[in-house]
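What follows is the residue order along each chain.
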Amino acid sequence: MMVRRRVLAALVSAVLSAGGGVVRAAPGAPRPFVPSERVRADSLTVYVLTFGPGDHPFFKFGHDALWIHDGEAGTDKVYNFGTFAFSPRVIVDFLHGRMTYWLSVSTLPVTLASYERENRTIDVQELTLAPQAKRELRARLDLNARPENRDYKYDYFLDNCATRVRDAIDGAVGGALRASARAPARLTLRGQALRMTADYWPLYVALDIVLGPDTDRPIDRWAEMFIPEELARGLAAVTVEMPAGPRPLVRSARTLFAARRSPPLETPPARGRTFFLAGCALGLIFFLLGGAAARGGPAAVAARIFLGLLLALWGLVAGFVGGFLVYVWALTDHVVAHHNQNILLFAPWALALIPLGIGVSLGWPRAGRAAGAVLTTALAAALAACLLKIGFVRHQENVRLLAFALPVWLGARGALAVTARLGHRDRPWS
């Protein structure tokens, strides 16, 4: 630990020194960053710190902060809009979309050490700002950081650490950042979310299911800057007017620490074939179990039991997902999850298959017929989701989930249909 502190102290010393240039380092090693040697009339230097993704699901989108170096006072303050408190209530607030974040101020060594420990890339961009603009920016940030002003309602897409930094910089340059970001975005909100989480399947699938059609509408570069990486790109594209003429907003850019991990994908993976094959595999298992349960013999009882248990399990998963989507739409502030058409793919009433599936395993006739009715309505809902692609309602990018869910519902319904045609008199449950 003492060695790490000495390494970090050397890094910060190099960052604040006035000479040299950039020292090349092996991947993963800290890279000292030297501020521009240009003589300034004021003592302030403003930087944007961009932190790459981490391992934890909360860290997959990266992070942003503003660093202001005061050469006269010898201070370095890092303004971080991504601070929140871990507590028992944080889960409830997260589920309801009512997370409270705040602006905190920390020192540069503490900040760099924290993200280095998490093996997250640290990039820095020095901004070209007029002396008065830098002083006003620091004054606004200090005012914002007061306890009575620091809190805000966090939104992953609309109001987060990156958008707060974006807005602060845009104010400092008189709206030049926003004016330069009117072009169409590279991706939609969903596209950005899926590319950043592509390496972590549980989060990737969960986001694809939960996000509604609002995340699929066209956006501009300004809205796309909710991703720190996209904000860094946007800053590099801006030109500002200075007394000596137009200048790039980003005076210089360097990497302070290169993480030992692969960078995020530039575009989200399609994965439609993977979803379709998974759905077909599960649907085929349903169908084969139904056929085996209808043929009689000792194996039929085992097939019937497994079929019923699989129906119950699928009903639990699909029904829970559908019920959760209804809950998010009706009772939370997650506006990007409202009007979600995936409710049709994961029918909330599929929860009825939990007791009905158990009844099928036990060979109860009424359970089999009721399960067939539930599957018929769920299949009809999935087909209705397909019809929505014609364009009667807002477009939602859920072809992957359609490719998965439709074969499953077909296979499950087909399993009970096969048992109904081929079933023996001693098994009228099908």
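Computed from a prediction, not measured in an experiment: that's the story for all the values here.

Here we take up the overall build of the chain. Scanning the chain from N- to C-terminus turns up 15 helices and nine strands. For the chain, long-range pairs separated by at least 24 residues make up 74% of all intrachain contacts whose partners lie at least 6 apart in sequence. Approximately 20,200 Å² of the chain is accessible, and the part contributed by carbon and sulfur atoms is 64%.

Further remarks concern the side chain of Q396. For Q396, the location among the structural elements is in the loop between α14 (365–387) and α15 (399–422). A distance of 3.0 Å separates a polar side-chain atom of Q396 from the backbone nitrogen of Q341. Once residues within four sequence positions are removed from consideration, Q396 is found in contact with R190, L211, G212, P213, D216, H339, N340, Q341, N342 and K389.

Remark on secondary structure: sheet strands pair via backbone hydrogen bonds, oriented parallel or antiparallel. Ordered by their spatial adjacency, seven strands build an open sheet running β6-β4-β3-β2-β1-β5-β9, and the pairing between neighbours is antiparallel. Among the strands making up the open sheet, the edge pair consists of β6 (151–153) and β9 (250–257). On average, each strand axis in the sheet is inclined to that of its neighbour by 25 degrees, with strand direction left out of account. For strand β2 (residues 63–70) and strand β3 (residues 75–83), the ladder comprises five bridges, and the chain directions are antiparallel. Of the residues in β3, the one forming a bridge with W67 is V78. Contacting β1 (44–51), β2, β5 (122–127) and β9, helix α10 (residues 228–236) runs over the sheet at an angle of about 140 degrees to β1.

Further remarks concern the pattern of salt bridges. The full count for this structure, using the stated rule, is 23 salt bridges. Salt-bridge contacts for R233 lead to E230; the nearest nitrogen and oxygen are separated by 3.2 Å. Remark: E230 and R233 occur in helix α10; sequence separation between them is three residues, near one turn of the helix. A relative accessible area of 30% places R233 in the partly exposed class. What makes E230 buried here is its relative accessible area of 0%.

Before going further, it helps to examine the pairing of strand β8 (residues 245–248). Here strand β7 (residues 239–242) pairs with β8 via four bridges, running antiparallel. Among the inter-strand pairings, M242 is bridged to a residue of β8, identified as G245. Between β7 and the antiparallel strand that follows it, β8, lie two residues.

Reading the values: the criteria
- Counting of residues starts from 1 at the beginning of each chain's written sequence and follows it residue by residue.
- Only residues with pLDDT of 70 or above have their local features reported here, since the model is predicted, and side-chain atom pairs are shown and tallied only from 80 upward, although totals for entire chains, interfaces and linings are computed over all residues.
- The side-chain figures draw on all heavy atoms in the structure; neither hydrogens nor water molecules are used.
- By definition, any uninterrupted DSSP run of H or I lasting at least four residues is a helix, any uninterrupted run of E lasting at least two residues is a strand, and each is numbered from the N terminus.
- In what follows, a contact means two residues having at least one pair of non-hydrogen atoms within 4.5 Å.
- Areas reported here follow the Shrake-Rupley algorithm with a probe of radius 1.4 Å; residue values treat only the protein chains shown as occluding.
- Here a polar contact is recorded for every N or O atom pair within 3.5 Å, except that within protein the pair must consist of a potential hydrogen donor and a potential acceptor, and residues adjacent in sequence are included only if both atoms are side-chain atoms.
- Criterion used throughout: strands pair if DSSP finds at least two bridges between them.
- Orientation is described by lines fitted to C-alpha atoms, with helices fitted over the stretch in contact, and by angles between N-to-C directions that extend from 0 to 180 degrees.
- The rule for a salt bridge is simple: a side-chain nitrogen of Lys or Arg has to be within 4 Å of a carboxyl oxygen of Asp or Glu.
- We call a residue buried when its accessible area falls under 20% of the maximum for its residue type, exposed when it is over 50%, and partly exposed in between, using a 1.4 Å probe and counting protein chains only.

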